[in-house]
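Inside the fold
The chain contents come next:
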Amino acid sequence: MKTERQEATFIDEQRIVEVLEAGKRYSPAAIRDVVSKSLELKGLDLEELAALLWVDDPELEHEIYSAARKIKEHIYGKRLVFFAPLYVCNYCVNNCKYCGYRAANDYPRRKLTMEEISQEIKAILDMGHKRIALEAGEDPVNCPIEYITEAMRQIYATTSGNASIRRINVNIAATTVDEYKMLKDAGIGTYVLFQETYHRETYKNMHSGPKADYDWHTTAMDRAFAAGIDDVGLGVLYGLYDWRFETVALLMHAQYLDKTYGVGPHTISFPRLRAAYGISLDNFPHLVNDNDFKRIVASLRLSVPYTGMILSTREEPVFREEVIALGISQISAGSMVGVGEYSAKQQRDDHSDTPQFDVGDHRGLDEIIHDLLPDGYIPSFCTACYRTGRTGENFMALAKSAHIHEMCQPNALLTFQEYLCDYASPATRQRAIPAIEKALTEIEPEELRKECVRRLERIKTGERDLYF
Ligand code: SF4
Ligand code: SF4
C-alpha cells in the first residue's frame, strides 16, 4: 500500500515531449493506420494520439472526425446523459488565476444551509434532472468534509413529487484517504477532480494556496482508489498550457490508472477556459480555438473509446452540438454556476451570485432537449449501473464487452419517458414521439425491445424508476 503522500512520477514530462516529437513525423499513411486501428475499439497509445493531434490536412482531419462519430455511435448509440452542477459553497482559500471563486476576488461569500440545499435540489428536480455534480471551493473551515457529506445526505433525502436525485458526483479539492472514505460512505457516484494543467511549471504559476501542491493534487485519484472509490473523473482546463501536451498527459494519467487499478477513468471532462469575475482571458496565451478543441475531443474518443466524455455549458449552443457529435456522452444542461442560483431563478429572485465562470449555453434543459431531438439524440437520465453495482472494474468489463450498450439504450428510453411524462413542454413531447419510435427499432434482441415497450407503457400509467 502506498503512503498518502507520493510524487506524481506517472506524469513524465520528458516522455510527453518525446512522444509529441515522434507524433509529428507520422506520414498520412501512418495516420490512416492509426485511424483504422482506433476502429477496433482497443484504444491508442500515446504516440498515436500525439500523431492525430498534429494533423493539418483537412482530408485526414475529416477521417479522424468520421472515425470519432462511428466509435461514439457504436458504443453509445444516440443516447446522451444529462446532469446539472450544484455549487453549494464559494468560500475558497486558493487563488487559482483562472477562477471567479479565487480568494483574492472580494465579494460576499456564501455557503448554503441544508434547507437551502433542499430548495436548490427541488428546483433541479423540477427541471427533470436525476444526476448532479456537487461542487464547492476549498476551505477547511467554512467547507469541511463533514459539510459536504451532510449536503450529500440532504440531497439524497430531498424529494419533489415522486422525484429524487439518484446519483451525486462530487467535485471537491484533493483530500486524504480518510476523507475519500467519508465520501464513499455518503454515496458518492464519481469523484471528479480536474487536473487543470499537467504541466508542472504552469501549475505552479497558476496556483497559490494548498492547491499549489502539484503532487498532492495529481495523486488524488490514487487516494480515492485507496479509499474504495472506483469511479473517478479526470479533466484538463484547456487554455492554461499547450493543448497537445495536456491531451497526451491526460491519456498518460488514464493509462496509469488503468494499469495500476485495473480501471481507467470513468469520465474525462473538457472545460475550456472562460472569462470570470476579475479574470481576463488576455492573460492566457494558450487559449484553444474551436478547431483544435474539436480535434482534442475526437482524438480522445479514438484513444479511450469506453471512457465517458463530458461537455459543460461553457460552450456556446451551436458549437456544443458540433462537439457532441464527435464523441461526447454526457452534457450538463440548464446549469447555474453560482451558489443558490437554481432556487433564486425558480422564484424569479433577481439575486445573482458571482459565478465560477461565464456560461456559454444559457438554454434550459427542455430547450436543449428540444433542439437535440431532430439530430436523433435520446436524452438519458439513467443511473442504473450505480444502483446495480455495475461500477469500477465491473462496469469496465461490461463496457468493453459492448453489452452495456444493450442496456443504455432501453434505460435512456425509460428515463426519457419519465421526463416526458413529468417535465417536458408540449413541443418537446411532440418531437419525442418519432425519436422514441426510431430508437425502439434499434434495440436488440427482440425480447429486450418488447420488454422495453412494456415498461414504457408502465411509466405512462404512473410507475417510476424502472431500469434494466
Ligand atoms: Fe478555489 Fe477551485 Fe476556484 Fe481554485 S478553481 S479558486 S480551488 S474554487
Ligand atoms: Fe450509464 Fe449504465 Fe445507464 Fe448505460 S446503463 S447510461 S452506462 S448508468
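Our structure's up above, just so we're on the same page.
The text that follows walks through the structure, step by step, so that each part is easy to find. It should be emphasised that the depicted structure is a prediction, and the values quoted were computed from it without experimental measurement.

**Examining the packing of helix α1 (residues 13-24) against helix α11 (residues 243-261)**
Axis separation between α1 and α11 bottoms out at 10 Å; the angle between their running directions is 115°. Helix-helix and strand crossings are classified by hand; for α1 and α11 the assignment is right-handed. Counting all contacts with α1, which are made through E13, R15, I16, V19 and L20, the residues of α11 involved are R244, F245, V248, A249 and M252.

**Comments concerning the site of ligand 2**
In the vicinity of ligand 2, 11 residues are found, and the nearest of them are R79, C382, C385, C408 and N411. Of all the secondary structure elements, the ones that give two or more residues to the shell around ligand 2 are α16 (384-387) and α18 (403-422). Here the shell around ligand 2 is built from residues that sort into seven nonpolar, two polar and two charged.

**Some thoughts on the site of ligand 1**
Surveying the vicinity of ligand 1 reveals the residues C92, N94, C96, Y98, C99, Y101, R102, G137, K211 and Q356. The site holding ligand 1 turns out to be the largest cavity. Along the lines of polarity and charge, the residues of the shell around ligand 1 split into five nonpolar, three polar and two charged.

**Regarding the layout of surface pockets**
Taken as a whole, the largest pocket encloses approximately 420 Å³ of empty space. Along the wall of the largest pocket there are 23 residues; nearest its centre are K78, Q409, K438, A439 and E442. Looking at the lining of the largest pocket, the elements that each hand over two or more residues are α18 and α19 (426-441). Ranked by the residues each element gives to the lining of the largest pocket, the list is headed by α19, at five residues.

**Description of the packing of α19 against helix α20 (residues 446-460)**
α20 packs onto α19 with a crossing angle of 150° between their chain directions and a minimal axis gap of 10 Å. One way to sum up the angle between α19 and α20 is to call them roughly antiparallel. For the pair α19 and α20, the contacting residues are I436, L440 and T441 in the first and R449, C452, V453 and L456 in the second. For the contact of α19 with α20, the residue count by class is five nonpolar, one polar and one charged.

Criteria and cut-off values
- Residues numbered from 1 in each chain as written.
- Chains lettered and ligands numbered in written order.
- Predicted model: local features only at pLDDT ≥ 70, side-chain atom pairs only at ≥ 80, totals over all residues.
- Heavy atoms only, no water.
- Axes fitted to C-alpha atoms, helices over the stretch in contact; angles between N-to-C directions.
- Helix = DSSP H or I, 4+ residues; strand = E, 2+ residues; numbered from the N terminus.
- Left-handed = near helix turned anticlockwise from the far one by under 90°.
- Contact = heavy atoms within 4.5 Å.
- Near = heavy atom within 4 Å.
- Nonpolar A, V, L, I, M, F, W, Y, C, P; charged D, E, K, R; others polar.
- 1 Å grid on protein atoms, 1.4 Å probe; cavity = no way out; pocket = protein on both sides within 12 Å on 5 of 7 lines; lining within 4 Å.
- Sits in = over half its atoms within 2 Å of the grid points.
- Points joined across faces, edges and corners; volume = space filled by probe spheres on them.
- Parallel < 35°, antiparallel > 145°, perpendicular 65-115°, else oblique.

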